[in-house]
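Chain residues, written in single-letter form:
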Amino acid sequence: MFSLILRRLGSVLLVMLVVAGLSFLIFNYLGDPVNNILGVNATIEEREELRRTLGLDQPSHIQFWHFLQRAVAGDFGISYRNRIPVIELILSRLPATVELVFCATIVALSIGIPMGVYCALRPKGLISRILQMISLVGISIPQFLIGMLLILIFSVELRWLSAFGRGEVVQLGWWSTGLLTHSGRMALIMPVITLAVFQISMIMRLVQGEMQEVMRADFIKFARARGLTDRSVHLRHALRNSLLPVVTVVGMQIGSLIAFAIVCEAVFQWPGLGLLILQAIEFADFPVMAAYLALVGFGFAMINLTVDMTYLFIDPRMRRK
Amino acid sequence: MHHAVRFCGKSVKGQIAGQGGAARMTPRNNALAVQDLSIVFDTRRGTVTAIEAVSFILGSGEVLGIVGESGAGKSLTGNALIGLLQAPGRISQGEIRLGGQRIDNVAADVQRRLRGKRIGAIFQDPLTSLDPLMTIGGQLVETIRTHLPLSAASARVRAMELLAEVGIADPGARFDQYPHQFSGGMRQRIVIALAIAAEPEVIIADEPTTALDVSIQAQILALLRGLARQRGTAIMLVTHDMGVIAEIADRVGVMYAGRLVEIGPVAEVLHSAHHPYTAGLMGLIPSLSRRVERLPQISGNMPRPGEWPGGCSFHPRCPKAGPRCTIEVPAPVAVSDSMVACHLFSGGTSVVSGDLPTKEAISTRETAS
Amino acid sequence: MIRSLLKPLILAASIAAFGATADAKTLRFAESQDIASMDPHAGRDDFALSLLCNVYEGLVRWNADLKLEPALAESWEIISDTEWKFNLRKNVKFHNGNTFNADDVIFSYHRAGDPGSPFAGLLEPIAEITKVDDYTVIFKVKRKYALLLNDFAGWYIMDKEFQESIGAGKPLDLSSNAGGAMQTQANGTGPFKLVERQPDVKTVLAVNPDWWDERKHNLDEIVYTPIANNATRVAALLSGEVDFIRNAPPQDLARIEGTSGMKVMRGPHLRTIFYGMNQQGDTLKGSGVEGNPLKKVEVRKAIAMSIDVEGIKRSIMRGNSNPVATQLAPQMPYYDAALDVRFPYDPDGAKALLTQAGYPDGFTLPITCPAGSFINDEQICQATAGMLAKIGIKAQLNMVTPVQYDTGLPAGEFDFYMLGWAGLPTIDPYNIFSATVHSPTEKLGAWNPKGYSNARVDELIIKIGEETDQAKRQEMISEVVKTQRDEVGKIMLHQQFLTWGMTDKVNAIVPGDEYTRFWYYTMN
Ligand SMILES: Nc1ncnc2c1ncn2[C@@H]1O[C@H](COP(=O)(O)OP(=O)(O)O)[C@@H](O)[C@H]1O
Ligand code: SF4
Ligand SMILES: [Mg+2]
């Protein structure tokens, strides 16, 4: 198990390296930040001068090498836009995204799984059909639209919820949380729903499909033959056995939630990593972009690792190795 | 999945001879009585009958073998008995009595409480019968506590005893292991332990050894026979392996196309089958020790539900069929120690009539066998 | 324990959120992005300066009518062709209480103008600064220079002691964390002072009670929130969460105006939109014809005549534009109405011109369009493509992001591109000419690569930068404008309109440079 973790960490590093390398290649096509720093009135001379200062006149593999050298020492550089260390910038935005994704995942799981279980047990019932229809809609509506719809209803028409921002946050060390204030929790509602709708639908469908499959398994029939209660058969045996693929997909989903969060954060002006990377792209803020991409690669890999560990935890058959 | 009847030829005669004395014509004590049981499927094209008018009695301490080609309706019957018929299947007619009380028309929850407590079940594949994510101890304790008012600790003690009883060495060490850590034979022992956890009066064993190695089969069968002999458990053993029947059954029922065509003491059915279908099955005994696709003496296939021909379902394949067979469904009649559903024993195959079988008709059985 | 710690925080928060008292006037203002920092020297970034002008001030400033007026300098005189003397305003305090004096001006000159600083280009004409006394400084310029005051309006004075104490003596230092301090701190002399800042979340300004100037506004507080998404920003206005959004999206104007208690204030922008093009290259990549058709004035004129700018105004700009014939918006100083006459919209005439130029079958024209830099830029490019098709020119649209555009255009990567120029922050034709009309050189014509080039015009532009006599400047400026118009150096489109959405409570001014000069605002 220990060697598995080591091997995984090795591949994590590789992923991050590849991601960062690729991002440097992409940077060349994104334009450069010179105009944003010097303004439109700068002369050609000034532009060239600044490019030299920032090292942007170098070929991208050299830039990448310099980036690596510094990154190894934990220095991801200074943001061109905000002029503060990238690490600081990312850490300051991380809590908002993590809280959003965390809440959305919890909501998605706690709604999606029961819905999936219900539909698996009564696939032909009216409620199931309605739920399935809703989930189809949930999967197909673009997130942006859901967000705007919520804003139109709850902010513009009803004026119940704020259309933007995180509300008031409380600082706990370097972590900022919106969970401890009323306005912070209210602010979470719409972004979380927006982010969770797709996940709910997906988890529901996944759980339903898996569970229907498992319900046909011999051990379920045998569990019934043993006289176990429906509850025990459904939840302790059928659901648990359905969860393995759900864990995988949810793991991947958490990863993609971080990516999805970009849209959601833009719609609700949620001051997280998604908004940060959007601004960074707009500004050609390469240090931030490189660090973000490396971080996301790291995040994905860590989630993968966690998924594998969860497997070990859930499925005894995997523990043999 | 088209299982053919198979027969393991090893020491059949010896087994049968050895059991001859134990076989009884009528069970001493009716643990389970099935009367006129019919099962239908509600399909889009209408209702299809899959089991029709099956009646038999299962006595305490008895092993009743049920044989028949794949698709004959053996599992369906077994499922009906443990109350696990799955939609769209349902019992359309008949009664099932456990210890004299009807269990086919009671509430789902009452039925659920009977399962495992008074009727246990064992299925074909021990590899897939156990929840892979739960320790075997957990599954035992869970079953025990569902049916018996025991504390977790005493349920654990009881689970260990059960494991020991079914022949798992070192139950203490194996209690917390998962199914994948056991061999197939071991797993089937655990399945049996689970089935008998609450000491049911009846066990429905649906092909319990089919998936196992021959050497292990014998051990499992011995275990089951021990249950019947020592605990007085009534066992209905579904199989398409004549060798298994010969080894442990007291009586045997033969199913063909949803009907019980013959039932009687094992020696009688194996050696002097009455029903032409049974006779065809037994015709295989001396010549075969392996699976065959179908009965070589008898051309054609067993019809699926919904495709049954009128009259005796066997008539298109029956060498002895007569005009009556195509029109009238034969009712079971007592022949010797058996019950047989064939016109040969109820007035002949040529006369079309609804009369009760006459002595004359019965006497034709000599020619039949 | 935690509770008691949190309580005051929450209380403070709710007070901040809902306004302290009933009649405190808080202007809640949303904009598409946050400013990069509170440092007015960190970038020559009109967007940042358009907000920071409320916190910092220069020696001079633009008033509501975009006329220069004294600010931190009370008065000035031109001592010689190359020497300007500024008399600084006395009794001006920075927000932290420090006194403003000549040392701050000198500090700010070096901070902004030293090599390597983003403002070095702006302050390049200055050779030397000398302190005469605490309230008098003399600037020595390298050559005769007409636009010193214009430039100074965009160069803000910072407090020497304060900047040095927080370690932010240099604006563009990417090797250390020096800029970080300027994220959340500011110490200017302006009408509003920074009281709270969470980058990308919100910035709160409060009225500076010790401001040197007479207070005409009645705002107590300004809460500035970046909301990147257009639709959300509009929703925030409609839901009453903000009072004021700059640059309301064109498609939402009707909705805002149709909501009771909301209005849209409009004003002409100094920016005019046009197509620039490669008039130097001997070939035109991808055109499918020999040579470079754009070199021929007939071809350029044909393109100009093929564009139905009134149609664009009607159906794309929904009336919010003003077709122009020259790069100078009517609100720009030295605008010459007599020259503002467009070529007629005449597709048939255009086709004839093309034939005359030797392209009866037209050619293929790659058009680079910045997606999101100018109002409705994509739609206008698409419409242009349709109009060009009518005279046989097949347009190939190439949409690029603003940052790709900003990089690629000065690098000469595009052969036919949409561009807009406002002449900010100088607010003088010289700025427009030197950036987009002068032949490209190391120092000038950065936004005119491979573009229009005329030696006489180049010569005039240099003189316009030096000449201080208004009449002489007017004459030269008009000549540049006329020459370029006649030679079709650019394909002119229109002047953009500013459309600012706000609640009825807000009385704003909408100046052509987009600056939010809150000291002119009032709230009912
Ligand atoms: N859901 C169903 N719908 C229709 N027919 C079914 C269904 N389930 C089983 N059957 C049919 O019932 C018959 C009896 O099946 P089964 O009892 O499993 O046979 P076996 O004797 O092999 O155990 C088979 O012909 C099978 O095709
Ligand atoms: S009833 Fe007729 S067809 Fe059926 S088994 Fe007897 S003889 Fe054959
Ligand atoms: Mg079966």
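Because the structure is predicted, anything quoted here is derived from the model rather than measured.

Topic: the overall build of chain B
And step 1. Secondary structure summary: chain B contains 14 helices and twelve strands in total.
And step 2. Counting all 369 residues of chain B, 56% fall into the buried class.
And step 3. Partitioning the contacts of chain B with sequence separation of at least 6, the portion at a separation of at least 24 is 67%.
And step 4. Summed over all atoms, the accessible surface of chain B reaches about 14600 Å², with 53% contributed by carbon and sulfur.

Looking at the overall build of chain C
And step 1. For chain C, the helix and strand inventory stands at 16 helices and 19 strands.
And step 2. For 524 residues, the compact-globule formula gives about 24 Å, and the C-alpha radius of gyration of chain C, at 25 Å, lands near that figure.
And step 3. With respect to the three principal axes, the spread of C-alpha positions in chain C is 80 × 60 × 45 Å.
And step 4. Looking at chain C as a whole, 60% of its 524 residues are labelled buried.
And step 5. Considering only residue pairs separated by 6 or more positions, chain C has 69% of its internal contacts joining residues 24 or more positions apart.
And step 6. About 19300 Å² of surface is accessible on chain C, with carbon and sulfur atoms providing 51% of the total.
And step 7. For chain C, the separation between the mean place of its 53 positive charges and that of its 65 negative charges on side chains is 3 Å.

Topic: the packing of helix H5 (residues 136-147) of chain B against helix H8 (residues 184-195) of chain B
Residues and elements named next belong to chain B.
And step 1. Remark: H5 packs on H8, axes separated minimally by 9 Å, with the N-to-C direction vectors making an angle of 20°. One element, H5, and the other, H8, form an angle in the roughly parallel class. The hand of the H5/H8 crossing is right-handed. On H8, the residues touching Ile136, Gln139, Leu140 and Thr143 of H5 are Ile190, Ala193 and Leu194.
And step 2. Grouping the amino acids of the contact of H5 with H8 by side-chain chemistry returns five nonpolar, two polar and no charged.

Notes on the nonpolar core
And step 1. Ranked by internal contacts, the top residues of the largest apolar core, which has 149 residues, are Leu59(C), Phe86(C), Trp155(C) and Tyr521(C).
And step 2. Both of domain 1 (2-243 + 505-523) and domain 2 (268-497) of chain C provide at least three residues apiece to this core.
And step 3. Within the second largest apolar cluster, 97 residues are counted, among which are Ala72(B), Leu212(B), Leu221(B) and Ala257(B).

A look at the site of ligand 1
Residues and elements named next belong to chain B.
And step 1. Every residue lining ligand 1 is accounted for by Phe41, Glu69, Ser70, Gly71, Ala72, Gly73, Lys74, Ser75, Leu76, Pro88, Arg304 and Pro305.
And step 2. Between Lys74 and ligand 1, the recorded distance is 2.8 Å, taken from a backbone N or O atom to an oxygen atom.
And step 3. Measuring from an oxygen atom of ligand 1, one finds a backbone N or O atom of Leu76 at 2.7 Å.
And step 4. Relative to its free-state accessible area of 570 Å², ligand 1 is covered by the protein chains to the extent of 67%.
And step 5. No other element matches the three residues that helix H2 (residues 74-81) contributes to the shell around ligand 1.
And step 6. A per-class count over the shell around ligand 1 returns five nonpolar, four polar and three charged.

Here's the deal with the environment of Met302(B)
Residue and element names in this part refer to chain B.
And step 1. Within the secondary structure layout, Met302 lies in the loop between helix H12 (276-282) and strand E11 (333-335).
And step 2. Distance from Met302 to Asp42, taken between C-alpha atoms, is 21 Å for residues 260 residues apart in sequence.
And step 3. Apart from residues lying up to four places away in sequence, Met302 is in contact with Glu69, Ser70, Gly71, Ala72, Tyr256, Ala257 and Arg317.

Looking at the side chain of Thr516(C)
And step 1. Within the fold, Thr516(C) resides in the loop between strand E18 (506-507) and strand E19 (522-523).
And step 2. If sequence neighbours within four positions are ignored, Thr516(C) has contacts with Phe29(C), Ser50(C), Leu51(C), Cys53(C), Asn54(C), Phe244(C), Arg246(C), Trp500(C) and Tyr521(C).

Structural notes on the sheet that holds strand E7 (residues 136-141) of chain C
Residues and elements named next belong to chain C.
And step 1. Spatially, the four strands line up as an open sheet ordered E4-E5-E7-E6, and their pairing is antiparallel. Across the chains shown, the open sheet's two edge strands, defined by having one partner strand only, are strand E4 (73-80) and strand E6 (126-133). Across the sheet, the mean angle separating the axes of adjacent strands is 20° when strand polarity is ignored.
And step 2. Here six bridges tie E4 to strand E5 (residues 83-88), and the two strands are oriented antiparallel to one another. If you follow Glu77 over to E5, its bridge partner there is Lys85.
And step 3. Contacting E5, E6 and E7, helix H3 (residues 102-113) runs over the sheet at an angle of about 165° to E6.

Here we look at the domain arrangement of chain C
Residues and elements named next belong to chain C.
And step 1. Examined at the domain level, chain C breaks down into domain 1 (2-243 + 505-523) and domain 2 (268-497).
And step 2. Taken together, the contact between domain 1 and domain 2 spans 15 residues of the former and 17 residues of the latter.
And step 3. Interface of domain 1 and domain 2: buried area, both sides summed, is about 1400 Å²; carbon and sulfur atoms make up 61% of it.
And step 4. Along the contact surface separating domain 1 from domain 2 lie two salt bridges.

Considering H3(C)
All names here are of chain C.
And step 1. For H3, with twelve residues, the first-to-last C-alpha span of 16 Å sits near the 16 Å given by 1.5 Å per residue.
And step 2. Among the twelve residues in H3, ten count as buried, and that is most of the element.
And step 3. For H3, the set of buried residues is Ala102, Asp104, Val105, Ile106, Phe107, Ser108, Tyr109, Arg111, Ala112 and Gly113.
And step 4. Taken together, the buried residues of H3 touch E5, E6, E7, helix H5 (160-165) and helix H6 (181-184).
And step 5. Where H3 begins, the capping side chain belongs to Asn101, and its oxygen is found 3.0 Å from the backbone nitrogen of Asp103.

A short note on the interface of chain A and chain C
And step 1. Counting from both sides, the interface comprises 56 residues of chain A and, opposite them, 55 residues of chain C.
And step 2. Roughly 4500 Å² of surface becomes buried between chain A and chain C when both sides are summed, with 55% attributable to carbon and sulfur atoms.
And step 3. Counting the surface chain A buries against chain C, the share from its top three residues, Asn41(A), Arg83(A) and Phe164(A), is 15%.
And step 4. For the pair chain A and chain C, the number of links is six salt bridges.
And step 5. Where Asp200(C) meets Arg93(A), a salt bridge forms, and the shortest distance between an N and an O atom there is 2.1 Å.
And step 6. If you look at where chain A meets chain C, you find 25 residue pairs in polar contact (both at pLDDT 80 or more).

Quick look at the interface of chain A and chain B
And step 1. Between chain A and chain B, the contact holds 21 residues from the first and 27 residues from the second.
And step 2. Around 2300 Å² of area is buried between chain A and chain B when both sides are counted, 59% of it from carbon and sulfur atoms.
And step 3. Summed over the three residues of chain A that lose the most area to chain B, namely Lys221(A), Phe222(A) and Arg226(A), the buried surface amounts to 30% of that side.
And step 4. Seen at the junction of chain A and chain B, the total is two salt bridges.
And step 5. Going through the elements one at a time, helix H9 (218-225) and helix H10 (230-268) of chain A are the ones with two or more residues in the side of chain A that touches chain B.
And step 6. For the side of chain A that touches chain B, the element with the most residues is H9(A), which contributes six residues.
And step 7. Taken together, the residues of the side of chain A that touches chain B sort by class into six nonpolar, five polar and ten charged.

With respect to the arrangement of the chains
And step 1. The protein chains that touch form two pairs of chains, and the pair with the most contacts between them is chains A and C.
And step 2. Where chain B comes nearest to chain C, the C-alpha atoms are still 42 Å apart, and the two do not contact one another.

What about the state of the cysteines?
All names here are of chain C.
And step 1. Tallied over the full model, the rule gives one disulfide over all chains.
And step 2. Disulfide pairing is shown between Cys369 and Cys381; the S-S distance is 2.2 Å. Since a negative S-S torsion denotes a left-handed disulfide, the Cys369-Cys381 link at about 90° is right-handed. Of this pair, Cys369 sits in strand E14 (residues 364-370) while Cys381 sits in helix H12 (residues 377-390), and the two are twelve residues apart along the sequence. Of the two residues, Cys369 and Cys381, both sit in the buried class.

Some remarks on the packing of aromatic side chains
And step 1. By the definition in use, this model includes 33 aromatic pairs over all chains.
And step 2. Geometrically, the ring pair formed by Trp84(C) and Phe86(C) is stacked, given 6.5 Å between the ring centres and 15° between the ring planes.
And step 3. Here Trp84(C) falls in the buried class, since its relative accessible area comes to 4%.
And step 4. Taken together, the ring pairs connect Phe29(C), Phe192(C), Tyr224(C), Phe244(C), Trp500(C), Phe518(C) and Tyr521(C) into an aromatic cluster.
And step 5. Residue placement shows Lys221(A) over the ring face of Phe123(B); its charged tip is 4.4 Å from the ring centre.

Thresholds, definitions, all that
- Residues numbered from 1 in each chain as written.
- Chains lettered and ligands numbered in written order.
- Predicted model: local features only at pLDDT ≥ 70, side-chain atom pairs only at ≥ 80, totals over all residues.
- Heavy atoms only, no water.
- Helix = DSSP H or I, 4+ residues; strand = E, 2+ residues; numbered from the N terminus.
- Buried < 20%, exposed > 50% of the residue type's maximum accessible area, 1.4 Å probe, protein only.
- Contact = heavy atoms within 4.5 Å.
- Areas by Shrake-Rupley, 256 points an atom, 1.4 Å probe, with all protein chains shown as cover.
- Rg over C-alpha atoms; globule rule 2.2 N^0.38 Å.
- Lys, Arg positive; Asp, Glu negative; His and termini not counted.
- Charge placed at Lys NZ, Arg CZ, Asp CG, Glu CD.
- Axes fitted to C-alpha atoms, helices over the stretch in contact; angles between N-to-C directions.
- Parallel < 35°, antiparallel > 145°, perpendicular 65-115°, else oblique.
- Left-handed = near helix turned anticlockwise from the far one by under 90°.
- Nonpolar A, V, L, I, M, F, W, Y, C, P; charged D, E, K, R; others polar.
- Core = buried A, V, L, I, M, F, W, Y, C linked by side-chain atoms within 4.5 Å.
- Domains from an automatic or database assignment.
- Near = heavy atom within 4 Å.
- Polar contact = N/O pair within 3.5 Å; in protein donor to acceptor, adjacent residues only side chain to side chain.
- Pairing = 2+ DSSP bridges.
- Buried area = accessible area lost by both parts, 1.4 Å probe.
- Salt bridge = Lys/Arg side-chain N within 4 Å of Asp/Glu carboxyl O.
- Expected span 1.5 Å × (residues − 1).
- Disulfide = S-S within 2.5 Å.
- Phe/Tyr/Trp six-rings, centres within 6.5 Å; stacked < 30°, edge-to-face > 60°.
- Lys NZ or Arg CZ within 6 Å of the ring centre and 35° of its normal.

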